[in-house]
Structure formats: structure tokens, C-alpha cells
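Chains, contacts and geometry: an overview
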Amino acid sequence: MKTAFLTPLATAAALLIGTAASAQETFKVAYIDPLSGPFANVGELMLTHTQYAIEDINAKGGVLKGTKLQLLQFDSKLSAQESQSALQAAIDQGAKAIVTGGSGSSVVTALVQAAARHNQRNPGKEILVLNHSSIDPDLTGKACNFWHFQFEANTAMKMKAIANYIKKQPDIKKVYLLNQDYAHGKQWAHYGREMVGLARPDIQFVGEALHPIGRVKDFAPYLAKVKSTEADSVITGNWGQDMTLLLKAAGDAGYNLRYFNHSAGSIPGTVLAVSQAKQGQLTWVAEWHPGQADTPKVDALAKAYKAKTSKDFLAPRIEMTPRFLAAAINKAQSTDPVKVARALEDLTIDSVVGPVRMRGEDHQLLLPQVVNTIAPVDGKAVKVGWEGTNYGFRTDAAYTGNELAQGTDCKMTRP
């Protein structure tokens, strides 16, 4: 019997082949969002939704008949600088896509720009940015980028839904604009004044203020200014602790206001804050809300999610983001980020909220939006309490993604 011996060169080649095969067994996805600080609960919520989808995809065989998705975790610390450091660490660890969106539009914009610079300098080692929650229209408008995909309805789409609803609410007469002092807070105020003003020319905008994001501990001074204008409603883009502390201060002051917001109701603590304030109505917009009627697919997903994570399911779009990535990899029959990006363009999947399409011209996902209000359980319009309270969500209006779609001034350069 002859014994086969490998030459050193053959041994090295065999090791390289083995390493390459091993590298192909996973497609690394980096999660970069706040996991510490005032918005840590938001980041943890988004992480759990992302993890659930990736684990489910892997349990069903992964992509390309066996390649698994591997999730890496990084704390953005709500900082553009920290996020860019996390991006470089993710790239160094072999990530080909990042999932982000819960750190604010300024942070996501910095990540997109950093990823684009890296991709230009390092052909063959590109990385994609999958944005699940940052809704700055510029990200799919004048600042659009081939490497960025937005999976949440943008600010203009959400405000259009709210303006359509306010148009039919004659009791809303005086509106105050109170927002976080950063790019998106200013945009929420701008679109509120513009779109609500167009829908209801009779409405008076009685005042406007910006406050530092995540740093205000007591909103009483801001609310005193709101009260002095006799406003009945506030258009606010606040989220996380900035929303819950605003609600608390208004409750403490006995000030009954209507709030119009983009997504705060989906963030932990908001329903509890409304129930404790016992005054005020918070109306917000999402692709789905807990307790929504006639949504059997989301209901089944929410039940499975709760059984596995022991947490409440809140955001189909975040759980949907890795599924779009997986579908694009399979469509491209490749894990090459350039080919995956092209496959994402105009990709439609039959999601739990119905068919949704990633618009190719600007990389904006067109998904439905439901205007809903946090309100007491009444057994009719609100059947399910949330966060251990007797408050839940009342459906006020619903619109398709196509109904809310805006034109775009995106002029995208493609590789």
C-alpha cells in the first residue's frame, strides 16, 4: 500500500481551499445601534427583532442552500464617531452588510457616507447599509446612495398619512411644533408645517421649539411655552425617553394635548407613559400596530416571536430587513454585495403586512402605513391592552405604500 504525502505547497493549497470553503459557510451581518445610554431599550428591541429573523432564516437552511447568516453586534452609543469605528470593526471582521437605523438620521447618514467611501477605495470588499428605522427623506433623496437601502417609510410618507388624517379632524385648530434638535427633528417640524398646513389651511401654527436629543430631564419649561400659546395639539418627532418624559411632564401639569408622531408608539415605555399621564392622545404611524384587526400573518409571527424571546413583537419592518437580504442573496445566487444590491432593487416580497417593494430608483421600501392612537381598551376599537396597562392601539386610518409614495430627486451613481 502506498502512502500519499503532500508537499508543503500542496498542504498550503489544501489549507487555503479549506479556509475559503469555511468562509463561504457564513455571510456576516453587523448590527450597529445603541446598546447603552438613554436609548438602549430601543436598540435592544431592534436587536431582538433582527436576531429572530436571522435565526429563523438559518433554521430553514440559510441562503444559497446552506450558507448561514452570522450576526455581529456593535454599540453605536448614539454617536456618529462611535458608529464609524464600529463600521470599521465590522469590516475588519468580514461583514458584508450592516443593519442599523435606531441611532438617528445623523448617525445613519455618517454610516452611509463612511460605507460608500470604503466601497470606493476597496473594490471587491464592499459592504451594504440596511436601514430599518431612520426615516430622513434625504437618505433616499438628494443624498441617496447605491449602497444604502431604507426599509421604513420616510418622514414625508408618514407625515402625508398624518396630514390625511388631520384633514378630517376639525377639532384640531392650534398646533405647536416641539422637536429634537437634530436633522430629523427639524424635518418632522418642516413636513408637519408644510403638509398639515396644505391639508388644513385653517390650522394655526402657534409656536415652535427644538430641544437637545436625549438630554432633557424635565419638559415642564417647554410645556409651559406650549400652554401659553393655547395649542390643542403638538407635532413632535420625539422618541424613546424624550417622548415618555414629555408625556410625564404633560400629565403632571394636567395638560391634555394631542400628539402627532412618526413611530414613538412602537418603542417600549410609551404606552405605559400615556396610561400613567391619564391625559393626552398620542397618534403615530407604523406598518402595523399590536391588536390591529385582520392581520393573521403578523399575529402568527408575533405569537411565535413572543414564545421564543419572551418579548412583545412590535416592528415587522425590522424583522423583515434580514429577510429581504436573504431573498436578494438567493435571487443574485451570490453573496457579492454588488450583486446583492442589484438584486435588492425592485425586489418584492410577500411580507407579513402584504406585498412590499424596494423601489429601485431610490432604494425606498414602499410598505403600508397605519395611523393609530394610543387609547383605553373599550372592547370595540381597542380590544387589547399593552405593557400591562388597559391602554392599547386604535386604528384611525390605513394607507398603502403606493398611496403615500413621494417623488424623488435621487440621482444615484451605480458601480
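Source: prediction; values computed, not measured.

Concerning helix α12 (residues 337–344)
- α12 sits mainly inside the fold: six of its eight residues count as buried.
- For α12, the full list of buried residues reads Pro337, Val338, Val340, Ala341, Ala343 and Leu344.
- Against the buried residues of α12 lie β4 (128–131), β5 (148–150), α11 (316–332) and β12 (354–359).
- Directly beyond the C-terminal end of α12, a positive phi value near 65° is found at aspartate 346.

Things to note about the pairing of strand β3 (residues 97–100)
- Neither face of β3 is left uncovered, since the one carrying Ala97 and Val99 and the one carrying Ile98 and Thr100 both have all their residues buried.
- Of the strand pairs in this sheet, strand β1 (residues 26–33) and β3 are connected by three bridges, and their pairing is parallel. Its bridge partner lying in β3, tyrosine 31 is registered against valine 99.
- Of the strand pairs in this sheet, β3 and β4 are connected by four bridges, and their pairing is parallel. Each bridged residue has a counterpart across the sheet, and for valine 99 the counterpart in β4 is leucine 130.
- With helix α4 (residues 105–121) bridging β3 and its parallel neighbour β4, the resulting β-α-β unit is right-handed.

Comments concerning empty space enclosed by the protein
- Under the definition given, this model contains one cavity of 30 Å³ or more.
- Around the largest cavity, the lining is made up of 23 residues, and of these Gly101, Ser133, Trp239, His262 and Ser263 lie nearest the centre.
- By residue number, the principal contributor to the lining of the largest cavity is helix α2 (residues 40–59), which donates three residues.
- Split by residue class, the lining of the largest cavity holds nine nonpolar, 11 polar and three charged.

Quick notes on the side chain of threonine 295
- Mapped onto the elements of the fold, threonine 295 is located in the loop between β10 (281–286) and α10 (296–309).
- Within polar-contact distance, the side chain of threonine 295 engages the backbone oxygen of glutamine 292 at 3.2 Å.

What about the packing of helix α5 (residues 155–166) against helix α6 (residues 183–199)?
- Interhelical geometry of α5 versus α6 gives an angle of 35° and a closest axis separation of 9 Å. As for the relative orientation of α5 and α6, their crossing is right-handed in sense. Contacts between α5 and α6 involve Thr155, Ala156, Lys158, Met159, Lys160, Ile162, Ala163 and Ile166 from the former and His184, Gln187, Trp188, Tyr191, Gly192, Met195, Val196 and Ala199 from the latter.
- Here the contact of α5 with α6 is built from residues that sort into 10 nonpolar, four polar and two charged.

Considering the packing of aromatic side chains
- Enumeration according to the criterion identifies nine aromatic pairs in this entry.
- Ring plane angle 45° and centroid distance 5.8 Å describe the contact between phenylalanine 219 and tyrosine 222, whose orientation is recorded as tilted. Here the two residues phenylalanine 219 and tyrosine 222 agree in accessibility, since each one is buried.
- A ring pair is formed by tryptophan 288 and phenylalanine 313, whose centres lie 6.0 Å apart and whose planes are at 50°; its orientation type is tilted. Highlighted residues: tryptophan 288 in the loop between β10 and α10 and phenylalanine 313 in the loop between α10 and α11, separated in sequence by 25 residues.

Side note on the UniProt feature "domain: Leucine-binding protein" (unreviewed entry) in the chain
- Within this numbering scheme, the UniProt entry marks residues 27–365 as carrying the feature "domain: Leucine-binding protein" (unreviewed entry).
- Annotated as 43% helix and 19% strand, the span residues 27–365 places its first and last C-alpha atoms 23 Å apart.

A look at α5
- When the terminal C-alpha atoms of α5 are compared, their 16 Å separation across 12 residues agrees well with the 16 Å that a helix rising 1.5 Å per residue should span.
- Among the 12 residues of α5, 10 are classified as buried, and the element is accordingly described as predominantly covered.
- Along α5, the positions that sit buried rather than exposed are Thr155, Ala156, Met157, Lys158, Met159, Ala161, Ile162, Ala163, Tyr165 and Ile166.
- Where α5 starts, the residue carrying a side-chain oxygen 3.1 Å from the main-chain nitrogen of alanine 156 turns out to be asparagine 154.

Brief notes about the sheet that holds β10
- Spatially, seven strands are ordered β7-β6-β8-β9-β10-β14-β15 in an open sheet, and the strand pairing comes out mixed. Each end of this open sheet is capped by a strand with a single partner; those strands are β7 (204–211) and β15 (391–399). Along the sheet, successive strands turn relative to each other by an average axial angle of 25°, direction set aside.
- Two elements, β10 and strand β14 (residues 369–376), share four bridges in a ladder whose sense is antiparallel. Following the sheet pairing, valine 285 is matched in β14 by valine 371.
- With respect to the sheet, helix α7 (residues 220–228) is in contact with β6 (174–180), β7 and β8 (233–235), its orientation differing from that of β6 by roughly 160°.

Topic: the layout of surface pockets
- Of the voids in this model, the largest pocket is the one considered here, and its volume is about 270 Å³.
- Lining the largest pocket are 15 residues, and of these Ala116, Gln120, Trp147, Thr413 and Pro415 lie nearest its centre.
- Looking at the lining of the largest pocket, its residues break down into seven nonpolar, four polar and four charged.

Procedures and definitions
Residues numbered from 1 in each chain as written. Predicted model: local features only at pLDDT ≥ 70, side-chain atom pairs only at ≥ 80, totals over all residues. Heavy atoms only, no water. Buried < 20%, exposed > 50% of the residue type's maximum accessible area, 1.4 Å probe, protein only. Helix = DSSP H or I, 4+ residues; strand = E, 2+ residues; numbered from the N terminus. Contact = heavy atoms within 4.5 Å. Pairing = 2+ DSSP bridges. Right-handed = clockwise from strand over helix to strand, strands pointing away. 1 Å grid on protein atoms, 1.4 Å probe; cavity = no way out; pocket = protein on both sides within 12 Å on 5 of 7 lines; lining within 4 Å. Points joined across faces, edges and corners; volume = space filled by probe spheres on them. Nonpolar A, V, L, I, M, F, W, Y, C, P; charged D, E, K, R; others polar. Polar contact = N/O pair within 3.5 Å; in protein donor to acceptor, adjacent residues only side chain to side chain. Axes fitted to C-alpha atoms, helices over the stretch in contact; angles between N-to-C directions. Left-handed = near helix turned anticlockwise from the far one by under 90°. Phe/Tyr/Trp six-rings, centres within 6.5 Å; stacked < 30°, edge-to-face > 60°. UniProt positions renumbered as here; feature names shortened; annotations may be inferred. Expected span 1.5 Å × (residues − 1).

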